[in-house]
Amino acid sequence: MKKMILSTAVLGLLAFASCKNEAKQTTENANETKTVAVENELATAKATFGVRGNCAMCKSTIEKAAKSVEGVSSANWDVKKKQITIAFNGDKTNEEALHNAIAASGYDTEKSVGSEDAYKELPACCKYDHEMAMSLEE
């Protein structure tokens, strides 16, 4: 009788733990999917390069573009330096893909020219000088 009660208790705990994990996954999936995926990424590489832009709205758009690339775990664009630092999984992406994603959002990088169509759609405050220096020292 004790073995049967113990077996039932163990099975009950396993079932409860299994349901708890499923609920956690559902809750995480209900949040922004990319955020969940980013938390699970292992940053194995880091890139720092210049990106033209003007303001906090530029910062948001540039960082969002960089984070949209699979394997990116963090992106931080410095408004004053006109420079972005990105941590990413080198097995999933590369620096060229990062430049291309940011350029597709309308911003020039050191290696890619921003999409003219995307640039035209940027707010007035984000329309930067295409000759602007990048990777400035403070």
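Here the residue numbers are simple positions, counted from 1 along each chain's written sequence. Reporting of local features is limited, given that this is a predicted model, to residues whose pLDDT is at least 70; pairs of side-chain atoms are given and counted only at 80 or more, and all residues count toward the totals for whole chains, interfaces and linings. Computation of side-chain values: all heavy atoms of the structure, hydrogens and water removed.

Chemist: Is there a simple way to explain helix H4 (residues 95-104) in this structure?
Modeler: Since one α-helical turn is 3.6 residues long, residues separated by three or four positions face the same way. For every residue, the accessible area (1.4 Å probe, protein chains only) is compared with the maximum for its type, and the residue is labelled buried under 20%, exposed over 50%, or partly exposed between those bounds. In this text, helices come from DSSP runs of H or I with a minimum length of four residues, and strands from runs of E with a minimum of two, each type numbered from the N-terminal end. Considered for burial, the residues of H4 that qualify are Leu98, His99, Ala101, Ile102 and Ala103. Tucked into the core, H4 has its buried residues touching strand S1 (45-50), helix H3 (56-67), strand S2 (72-78) and strand S3 (83-88). Pairing of N or O atoms within 3.5 Å defines a polar contact, subject to two protein rules: one partner must be a possible hydrogen donor and the other a possible acceptor, and residues neighboring in sequence count only if both atoms are side-chain atoms. Of the residues flanking the start of H4, the one acting as N-cap is asparagine 94, its side-chain oxygen 3.1 Å from the backbone nitrogen of glutamate 96. Positive backbone phi, approximately 110°, marks glycine 106, located one or two places after H4. Whether two residues touch is decided by their heavy atoms; if any such pair falls within 4.5 Å, the residues are in contact.

Chemist: Sorry if this is basic, but what is going on with the packing of H3 against H4 here?
Modeler: How two helices pack is summed up by the angle between their axes together with the distance between the axes. Where H3 meets H4, the closest approach of the two axes is 8 Å, and the angle between their N-to-C directions is 135°. One element, H3, and the other, H4, form an angle in the oblique class. Judged by the twist between their axes, the crossing of H3 over H4 is right-handed. Judged by residue contacts, Ile62, Ala65 and Ala66 of H3 engage Leu98, Ala101 and Ile102 from H4. Each residue is assigned to one class: nonpolar for Ala, Val, Leu, Ile, Met, Phe, Trp, Tyr, Cys and Pro, charged for Asp, Glu, Lys and Arg, and polar for all the others, Gly among them. Here the contact of H3 with H4 is built from residues that sort into 6 nonpolar, no polar and no charged. Here the axes come from fitting lines to C-alpha atoms, over the contacting stretch only for helices, and the angles between their N-to-C directions go from 0 to 180 degrees. Reported orientations rely on four angle classes, namely roughly parallel under 35 degrees, roughly antiparallel over 145, roughly perpendicular from 65 to 115, and oblique for the rest. In this scheme the crossing of two helices becomes right-handed for a clockwise turn of the near helix relative to the far one and left-handed for an anticlockwise turn of less than a right angle.

Chemist: Looking at this structure, how should I read the packing of aromatic side chains?
Modeler: Aromatic ring pairs: the centre-centre distance and the angle between the two ring planes describe each pair. Geometry of aromatic contacts follows a simple scheme: Phe, Tyr and Trp rings, the Trp one being its six-membered ring, pair when their centres are within 6.5 Å, and the pair is stacked under 30 degrees between planes, edge-to-face over 60, tilted otherwise. Evaluated as defined, the whole model comprises 2 aromatic pairs. Both rings, one in tyrosine 107 and one in tyrosine 128, keep their centres 5.7 Å apart while their planes meet at 20°; by these two values the pair is stacked. On the criterion of sequence distance, the pair formed by tyrosine 107 in the loop between H4 and helix H5 (116-121) and tyrosine 128 in the segment after H5 is long-range, its members being 21 residues apart. Given the relative accessible area of 0%, tyrosine 107 is considered buried. For tyrosine 128, a relative accessible area of 3% gives the class buried. Sitting above the plane of the tyrosine 119 ring, lysine 127 keeps its charged end 5.9 Å from the centroid. Two conditions define a charge located above a ring, namely a distance within 6 Å from the ring centre to NZ of Lys or CZ of Arg, and an angle within 35 degrees of the ring normal.

Geometric values such as these leave the question of function open.
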